[in-house]
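Okay, here's what each chain looks like letter by letter:
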Amino acid sequence: MKEITIQTHSRFEMIDITASVQKAVRDEKIDSGIGLVYTPHTTAAVTINENADPDVPRDILAALNCAIPLSANYLHREGNSAAHVKSSLVGASEMVIIENGSLVLGTWQSIFFCEFDGPRTRKVIIKFLA
Ligand code: ZN
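Residues numbered from 1 in each chain as written. Predicted model: local features only at pLDDT ≥ 70, side-chain atom pairs only at ≥ 80, totals over all residues. Heavy atoms only, no water.

S.K.: Account for the coordination of the zinc ion, with residues named and values stated.
M.R.: Coordination of the zinc ion by the protein involves H76 (NE2), E78 (OE), N80 (OD1) and H84 (NE2), with metal-donor separations of 1.9 to 2.2 Å. Of note is the zinc ion, whose four donor atoms meet at the metal with angles of 91 to 148 degrees in an arrangement that counts as irregular. Each donor residue of the zinc ion lies on one chain, and together they are spaced H-x1-E-x1-N-x3-H. Taking the relative accessible area as the measure of exposure, N80 reaches 5% and is therefore buried. (Donors = N, O, S within 2.8 Å, 3.2 Å for Na, K, Ca; no water. Tetrahedral: all angles 85-135°; square planar, octahedral: opposite > 155°, others 65-115°. Buried < 20%, exposed > 50% of the residue type's maximum accessible area, 1.4 Å probe, protein only.)

Take a look at the structure:
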């Protein structure tokens, strides 16, 4: 198991963590298998999407903010229900195939850590099945 620490810098943010995950694959000497990229937080998520145009993660965050407003008739007293809802919709993990020591991702794909209630210090855990 590998752990990555991420410092987020704003309330909503998508951070490309592909290089860190690939480094973990190298460090663990995984040639072929799968990696579970998981975040143990209730107001964050992990997703795979386009890395080429930075407007794509911006649009994803904007669409989520539009669909899930910051304030509604939420009951949760901490005041961050929108972040909890986004976390459940996007999901806490992604499974990635590893072949020949490399993540199998499409040309335009990256693994993103999604912050929905930052800034905070966050963790991503990677578990390999070789
Ligand atoms: Zn909360």
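Next comes the rest of the description.
S.K.: Kindly report on helix α3 (residues 81-90), identifying the contributing residues and their values.
M.R.: Along α3, the residues classified as buried are S81, A82, A83, K86 and S87. Against the buried residues of α3 lie β4 (44-50) and α2 (55-67). Following α3 by one or two positions, G91 has its phi on the positive side, about 105 degrees. (Helix = DSSP H or I, 4+ residues; strand = E, 2+ residues; numbered from the N terminus. Contact = heavy atoms within 4.5 Å.)

S.K.: Summarise helix α1 (residues 18-27); cite the residues concerned and give the values.
M.R.: Taken together, the buried positions of α1 are occupied by T18, V21, Q22, A24 and V25. One side of α1 holds all its buried residues, which, seen down the axis, span an arc of 155 degrees. Counted as exposed and oriented over 90 degrees from the buried face of α1: A19 and R26. Taken from the residues just after α1, K29 is the one with a positive phi, measuring 55 degrees. (Arc of directions from axis to C-beta.)

S.K.: Which residues make up the nonpolar core, and what values do they have?
M.R.: Counting residues in hydrophobic clusters, the biggest one holds 20 residues, and the most contacted among them are I17, V21, V37, I111 and V124. Those elements giving two or more residues to this core turn out to be β1 (2-7), α1, β4, β5 (93-99), β7 (109-115) and β8 (121-129). In this structure V124 touches K2, E3, I4, I6, I17, V37, Y38, T39 and F113, once residues within four positions along its chain are discounted. Judged by nonpolar contacts, the second largest core, of 10 residues, contains A45, L64, A82 and A83. (Core = buried A, V, L, I, M, F, W, Y, C linked by side-chain atoms within 4.5 Å.)

S.K.: Give me the environment of C114: which residues, what numbers.
M.R.: As for its position among the elements, C114 is in strand β7. On the accessibility criterion, C114 (2% relative accessible area) is buried. Residue contacts for C114: discarding those within four places in its chain leaves E13, M14, A44, A45, T47 and V90.

S.K.: Could you give me a rundown of unusual backbone geometry, with the residues and numbers involved?
M.R.: Put simply, G118 and P119 share a cis peptide bond, and its omega is -5 degrees. Mapping P119 onto the fold places it in the loop between β7 and β8. Backbone geometry places K29, a non-glycine residue, at a positive phi of 55 degrees. In this structure, K29 sits in the loop between α1 and β3 (33-38). A positive phi angle, near 55 degrees, is found at N100, a position not held by glycine. Structurally, N100 is set in the loop between β5 and β6 (102-103). Residue classification places N100 among the exposed residues on the basis of a relative accessible area of 65%.

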